[in-house]
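# Chain and residue survey
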Amino acid sequence: MNITIKKLSASRTQATVTFEEDVYKKAESEVMEALAKSIDVKGFRKGNAPVDMVKEKIAEDKILEETVQHLVPGALQEVIKKEDVKPIIRPRVEVTSTSPLTLNLIFVENPNVKVDEKGIKKDVKKAQKEADKEADKKEKEGENKDKKEENEGKKDETWTEEKFFEALASNTKVEIAEELVEEEVRAMLEAHIQYLEQFGMDLEKYLEQTGKSLPDFVKSLKPKAENRLKVRFGVMTLVEKLEIKENDPEKLIGILKEKVLG
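The text that follows walks through the structure, step by step, so that each part is easy to find.

Take the overall build of the protein chain next. Counting its regular elements, the protein chain contains ten helices and six strands. Over its C-alpha atoms the protein chain spans a radius of gyration of 27 Å, topping by over 25% the 18 Å that the globule rule assigns to 262 residues. Expressed as lengths along the three principal axes of its C-alpha atoms, the size of the protein chain is roughly 90 × 45 × 30 Å. When burial is assessed residue by residue, the protein chain has 35% of its 262 residues classed as buried. Taking all contacts inside the protein chain whose residues are at least 6 apart in sequence as the whole, residues at least 24 apart take part in 63%. As presented, the protein chain carries roughly 17,500 Å² of accessible surface, and 47% of it is formed by carbon and sulfur atoms.

Glancing now at the packing of aromatic side chains. Going through the model one piece at a time under the given rule, you end up with three aromatic pairs. Consider the rings of Tyr206 and Phe217, whose centres lie 5.7 Å apart with planes at 65°: the pair is edge-to-face. Placement of the pair is Tyr206 in helix α8 (residues 203–210) and Phe217 in helix α9 (residues 214–241), with a sequence separation of eleven residues. Judged by its relative accessible area of 18%, Tyr206 falls in the buried class.

This brings us to the environment of Ala27. Checked against the element boundaries, Ala27 lands in helix α1 (residues 21–36). Taking C-alpha positions, Ala27 is 26 Å from Lys42, a pair spaced 15 residues apart along the chain. Contact partners of Ala27, with chain neighbours within four places excluded, come to Thr67, His70 and Leu71.

What follows covers unusual backbone geometry. With an omega of -5°, the peptide bond between Ser99 and Pro100 qualifies as cis. You can see Pro100 is positioned in the loop between β3 (92–98) and β4 (101–108). In this structure, Asp84 takes a positive phi of about 55° despite not being glycine. Its location among the elements puts Asp84 in the loop between α3 (60–83) and β3. A positive phi angle, close to 55°, is found at Glu243, a residue other than glycine. One can find Glu243 in the loop between α9 and α10 (249–261). Take Glu243: its relative accessible area is 62%, and that puts it in the exposed class.

Turning our eyes to something else, we now look at the environment of Arg228. Relative to the helices and strands, Arg228 resides in helix α9. Along the chain, Arg228 and Val113 lie 115 residues apart, while their C-alpha atoms are 14 Å from each other. Setting aside anything within four residues of it in sequence, one finds Arg228 in contact with Glu184 and Met188.

A few words on the sheet that holds β3. The strand order β1-β2-β4-β3 describes an open sheet built from four strands, whose pairing is antiparallel. If you trace the sheet from one side to the other, it starts and ends with β1 (2–7) and β3, each paired once. Each strand of the sheet is rotated relative to its neighbour by a mean of 20°, with strand direction disregarded. Two elements, strand β2 (residues 12–18) and β4, share seven bridges in a ladder whose sense is antiparallel. Residue pairing across strands places Arg12 opposite Val108, the latter belonging to β4. Most of the contacts of α3 go to β4, to which it runs at about 55°, and overall it touches β1, β2, β3 and β4.

With that settled, the discussion passes to the nonpolar core. Grouped together as the largest cluster of nonpolar side chains are 36 residues, with contacts concentrated most on Ile120, Leu168 and Val235. Sorting elements by how many residues they give to this core places α9 first, with nine residues. Contact partners of Ile120, with chain neighbours within four places excluded, come to Val115, Phe164, Ala167, Leu168, Asn171, Leu238, Val260 and Leu261. Listed in part, the 18 residues of the second largest apolar core include Ala15, Val68, Leu71 and Leu103.

What counts, and at which threshold
- Residues numbered from 1 in each chain as written.
- Predicted model: local features only at pLDDT ≥ 70, side-chain atom pairs only at ≥ 80, totals over all residues.
- Heavy atoms only, no water.
- Helix = DSSP H or I, 4+ residues; strand = E, 2+ residues; numbered from the N terminus.
- Rg over C-alpha atoms; globule rule 2.2 N^0.38 Å.
- Buried < 20%, exposed > 50% of the residue type's maximum accessible area, 1.4 Å probe, protein only.
- Contact = heavy atoms within 4.5 Å.
- Areas by Shrake-Rupley, 256 points an atom, 1.4 Å probe, with all protein chains shown as cover.
- Phe/Tyr/Trp six-rings, centres within 6.5 Å; stacked < 30°, edge-to-face > 60°.
- Pairing = 2+ DSSP bridges.
- Axes fitted to C-alpha atoms, helices over the stretch in contact; angles between N-to-C directions.
- Core = buried A, V, L, I, M, F, W, Y, C linked by side-chain atoms within 4.5 Å.

Remember, this is a structural readout, not a statement about activity or role.
Shown next, in the form of structure tokens:
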């Protein structure tokens, strides 16, 4: 196995792995033996047909895919061990050649993150002033008189948390790898599908009712995914910087807001 490393960015590393012919053939043979157990060949009991005859019944792409999956775990371990790569998601795998078998493995590591705490505080205060202004305007116009105390200053916890996260995302500088965004989009899509299932609706029906195509819907999730990742990395960075020791998510965010906003 020959490995060459190329740094794509601060948080992305490409490992090009080339396998010797004998290693590839051995892996292919092991894959064929496993596949043969579930293939029916006329004149033989299931799982007892010669491998060469079984091979004729399986598409070449399927054999290649299974062989690559068989080889990837060992390749990942080798790269991580030798190159001290610390991936935070499963690496992307791409076959670039079949003779010899060559794979590109894209590793995504924790990115460099910078959080402007003063900027967060400034943005939240600005949002607070605008909310106070709006509340005063409504009061003068005679609206929501009975809810004056509730609206005054908009000091509701949910509102404060929402504005805090908005400010955190705006004041967090981080290089977000495309693989991370894709992973987040997949997670959001799965969550949306589960949500629809609660109401007896599937994604296809939802898209039909909203007049959206699947590619357009997925595309609309990307900015939200990027924002969520910025918030996540921002929170992780601040928690480490401020040395917050709290496992409960709600309490942790409360402590974080208190420390940053004062």
